[in-house]
Amino acid sequence: MKIIEIQERTPSLLQSLLEIWENSVRATHLFLSGPEIEQIKSYVPEALEAILHLIVAVNENESNRRALPPVGEGAPRRNR
């Protein structure tokens, strides 16, 4: 496993992270209904864009280097 800071947020990477997020939420947040997860999911792409330093772990053994769950988020890009 290798830890890297993402410099370019490609549509492919963002889609992979969204899938990881959804799978993780469905596996661990049993109190949320499907429609609630879908509603929250609509905010995830914007949240991923707002992360100043996006750090992910990648599996070096996979040829496509699919992103694993983020290991750190850093600070938001925008002040709230």
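Because the structure is a prediction, the values reported are computed rather than measured.

Draft legend 1. View of the overall build of the protein. Tallying secondary structure elements over the protein gives three helices and three strands in all. Relative to its 80 residues, the protein shows a buried fraction of 26%. For the protein, the accessible area works out to roughly 5700 Å², and carbon and sulfur atoms hold 53% of it.

Draft legend 2. Representation of the pattern of salt bridges. A complete count under the given rule lists three salt bridges for this structure. Residue K41 pairs with E22 through a salt bridge whose shortest N-O separation is 2.7 Å. Taken together, the residues span a long stretch of sequence, with K41 in helix α2 (residues 34–41) and E22 in helix α1 (residues 11–28) at a distance of 19 residues. For E22, a relative accessible area of 14% gives the class buried. We note a salt bridge from E38 to R26, for which the minimum N-O separation is 2.9 Å.

Draft legend 3. Just the nonpolar core, in detail. I6, L13, L14, L17, L18, V44, L48, I51, L54, V56 and V58 form the largest nonpolar core, which has eleven residues in total. Secondary-structure elements contributing two or more residues to this core are α1, α3 (44–50) and β2 (55–58).

Draft legend 4. Spatial organisation of the environment of R26. If you trace the backbone, R26 turns up in helix α1. For R26, a relative accessible area of 37% corresponds to the partly exposed category. Residues within four places of R26 in sequence aside, it is in contact with G34, I37 and E38.

Draft legend 5. Just the side chain of R9, in detail. Turning to its location among the elements, R9 is positioned in the loop between β1 (2–5) and α1. No salt bridge is formed by the buried R9; the nearest opposite charge belongs to E49, separated by 4.7 Å. One polar contact links the side chain of R9 to the main-chain carbonyl oxygen of L48, over a distance of 2.4 Å. Among the polar contacts listed, one links the side chain of R9 to the backbone oxygen of I51, at a separation of 2.6 Å.

Draft legend 6. Main features of the confidence of the model for the protein. Per-residue pLDDT for the protein has a mean of 81; in total, 76% of the residues score no lower than 70. When pLDDT is averaged over each helix and strand of the protein, the minimum, 48, is found for strand β3 (residues 67–72) and the maximum, 97, for α2. With pLDDT under 50 throughout, residues 69–80 is counted as low confidence; its partners more than four residues away or in other chains account for 29 contacts.

Rules used throughout
Residue numbers run consecutively from 1 along every chain, following the written order of its sequence. Local features in a predicted model are, by the rule used here, given only for residues with pLDDT of at least 70; side-chain atom pairs are given and counted only at 80 or more, and totals for whole chains, interfaces and linings are based on all residues. Think of the side-chain values as coming from all heavy atoms in the structure, minus any hydrogens and water. Only DSSP runs of H or I reaching four residues or more are called helices, and only runs of E reaching two or more are called strands; each is numbered from the N terminus. Residue exposure (1.4 Å probe, protein chains only): buried if accessible area is under 20% of the type maximum, exposed if over 50%, otherwise partly exposed. Computed by Shrake-Rupley with a 1.4 Å probe, the accessible areas treat only the displayed protein chains as cover when residues are assessed. Put simply, a salt bridge is a Lys or Arg side-chain nitrogen that is within 4 Å of an Asp or Glu carboxyl oxygen. To define a nonpolar core, start from buried Ala, Val, Leu, Ile, Met, Phe, Trp, Tyr and Cys residues and group those joined through side-chain atoms within 4.5 Å. Only heavy atoms matter for contacts: two residues are in contact if any of them lie within 4.5 Å across the pair. Charged-residue counts in this description rest on Lys and Arg as positive and Asp and Glu as negative, His and the chain ends being excluded. Pairs of N or O atoms are called polar contacts if they sit within 3.5 Å, as long as, within protein, a hydrogen donor faces a hydrogen acceptor (for residues adjacent in sequence, only side-chain-to-side-chain pairs). Values of pLDDT, the confidence the predictor places in each residue, fall between 0 and 100.

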